[in-house]
Structure formats: structure tokens, C-alpha cells
Amino acid sequence: MTVRATDRLTLRPIAATDMNDLMPFYLSDRGHWHGAGPEAGAGRAWRICAILLGHKQIHGFGNFIGRTNAGEAVTSVGAFCPANWPEHEQGWSTLTDTTKAANTVINHDRDELGWDTLVSYIDPANARSFALAEHLGATRDTTAPRPDAGDLVYRHFGAAA
């Protein structure tokens, strides 16, 4: 599925060819929020990319890469739900611009996939991420189950599972 999120941004499922664009993000300080970061090294960053690629194969849904009309990768955004996640999670990796892409994928998850609930699990120290969740209209759900007891849960739509 390819979706135009804006007049300058196109989303499509991530592919192995996107790893060269995603690796620098996962090796950056911001990659820490996704289980990687500079201290984790290239091997861990590569495995995070492989997890995202495999997730789509296993579940039939996953992350999208957002590219400008010039081909620049600017975001990775999409749903994630490994075995220990109580609900589908909306995640994002902000390479440069994520808001419109995240809104597009959230609407896709609700309208096209027919999901009745979607959350984002966010480390309370990740102020940029929960600010984006709030900007997207998500609200804190203090009663929702979470894979890590310390995470904040931001609900995009639906009731707690």
C-alpha cells in the first residue's frame, strides 16, 4: 500500500532498501528510545531495522517509510505489536517530519485495518514523543495495560483492551 500523506510526502511499507536511511536514526541519540542508540552499535541498529521488516511479514502490518517527492526519507511510522504487547501500538521514528504521516497511518489503522483501539507506549523521559502523541490528539490512559510498567500509554482511539 502506498499512501500520499501530503502533497510532498508519500508513505509506503518499509523495505530492505530503506535500511541505509533508517540506520543513522537508530544509531543517533534519538535511537535510544527505540532500543538502539550510539552506545548499542551498528549491529543493534541493524537488528531494529530487521525487526521492523520481519514484523510486516509476520503480522501483515507494520511501519511505513515517509519520503519526500525528492526521495528523502523523513519518517518511519506505523503499527507494532510483538507477542507481549497488550494492544496495537502506533510508533514513529522522527527523521525530520512525522505529524502528518502519523495521522495518515492512524487513520489507515482505524479505517482500512478496522482496528477499534490503538495506543502509543512512551517512556516518560521521552518528552518529544509524548508531545507528538498529544499533538496528534492522543490522550493519556492511566488504566491501560502496558508492556513496561513504567511506560506512559497514549490512546489514539478506542477503549482499553
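Here we summarise the structure given alongside this text. Residue numbers here run from 1 along each chain, matching the order of that chain's written sequence. The predicted nature of this model means local features are confined to residues of pLDDT at least 70 and side-chain atom pairs, given and counted, to a pLDDT of 80 or more, with totals for whole chains, interfaces and linings taken over all residues. Water and hydrogen atoms were dropped before computing side-chain values, which therefore reflect all heavy atoms in the structure.

## Brief notes about the pattern of salt bridges
Here is step 1 of the chain: Each reported salt bridge corresponds to a side-chain nitrogen of Lys or Arg within 4 Å of a carboxyl oxygen of Asp or Glu. A complete count under the given rule lists six salt bridges for this structure.
Here is step 2 of the chain: Between R12 and D18 there is a salt bridge, with the nearest N and O atoms lying 2.7 Å from each other.
Here is step 3 of the chain: Each residue gets one of three labels from its accessible area relative to the maximum for its type: buried under 20%, exposed over 50%, partly exposed in between, using a 1.4 Å probe on protein chains only. Judged by relative accessible area, D18 falls into the buried class, the value being 0%.
Here is step 4 of the chain: With its nearest N and O atoms 2.8 Å apart, the salt bridge here joins D18 to R67. Taken together, the residues D18 in the loop between β2 (9–13) and α1 (19–27) and R67 in strand β3 (residues 63–68) connect sequence positions 49 residues apart.
Here is step 5 of the chain: Through salt bridges that share partners, R12, D18, D21 and R67 make up one connected network. We count a stretch as a helix when DSSP gives it H or I for four or more residues in a row; a strand needs E for two or more, and each element gets its number in order from the N terminus.

## Focus on the environment of I65
Here is step 1 of the chain: Structurally, I65 is set in strand β3.
Here is step 2 of the chain: In the structure, I65 is positioned 13 residues away from G78 in sequence and 8.7 Å away in space, judged by C-alpha atoms.
Here is step 3 of the chain: Whether two residues touch is decided by their heavy atoms; if any such pair falls within 4.5 Å, the residues are in contact. Setting aside residues up to four positions removed in sequence, I65 forms contacts with T10, L11, R12, P13, I14, D18, L22, A73 and T75.

## Points about the packing of aromatic side chains
Here is step 1 of the chain: Between 30 and 60 degrees the pair is tilted, below 30 it is stacked and above 60 it is edge-to-face, where a pair is any two Phe, Tyr or Trp rings, Trp via its six-membered ring, whose centres lie within 6.5 Å. Applying the stated criterion across every chain yields a total of five aromatic pairs.
Here is step 2 of the chain: Arranged with centres 5.1 Å apart and planes meeting at 80°, the rings of F25 and Y26 form a pair that is edge-to-face.
Here is step 3 of the chain: We classify F25 as buried; its relative accessible area is 6%.
Here is step 4 of the chain: Here the aromatic rings of F80 and W85 are separated by 5.7 Å at their centres, their planes lie at 90°, and the arrangement is edge-to-face.
Here is step 5 of the chain: Pairwise contacts between aromatic rings join F80, W85 and Y121 into one cluster.

## Examining the side chain of E87
Here is step 1 of the chain: Residue position: E87 is located in the loop between β4 (73–80) and β5 (89–94).
Here is step 2 of the chain: You can call E87 buried: its relative accessible area is 3%.
Here is step 3 of the chain: Pairing of N or O atoms within 3.5 Å defines a polar contact, subject to two protein rules: one partner must be a possible hydrogen donor and the other a possible acceptor, and residues neighboring in sequence count only if both atoms are side-chain atoms. Among the polar contacts listed, one links the side chain of E87 to the side chain of T117, at a separation of 2.6 Å.

## Quick look at α1
Side chains of residues three or four places apart in an α-helix project in the same direction, reflecting 3.6 residues per turn.
Here is step 1 of the chain: Those residues of α1 not exposed but buried are M19, L22, M23, F25 and Y26. Within α1, the buried residues cover an arc of 165° as seen down the axis, which keeps them to one side. Throughout, the arc means the angular range of directions from the helix axis out to the C-beta atoms.

## Observations concerning the pairing of β2
Here is step 1 of the chain: Across two bridges, strand β1 (residues 3–4) lies against β2 in antiparallel orientation. Bridged to R4 within β2 is T10.
Here is step 2 of the chain: Between β1 and β2, which pair antiparallel in sequence order, lie four residues.
Here is step 3 of the chain: We call two strands paired when DSSP finds no fewer than two bridges between them. Here β2 pairs with β3 via five bridges, running antiparallel.

## Side note on the pairing of β4
Here is step 1 of the chain: Among the eight residues in β4, eight count as buried, and that is most of the element.
Here is step 2 of the chain: Of the pairings in the sheet, the one linking β3 to β4 comprises five bridges and is antiparallel in character. From the neighbouring strand, R67 faces β4, where its bridge partner is A73.
Here is step 3 of the chain: The antiparallel hairpin formed by β3 and β4 contains four residues in its connecting segment, where G71 sits at a positive phi of about 95°.

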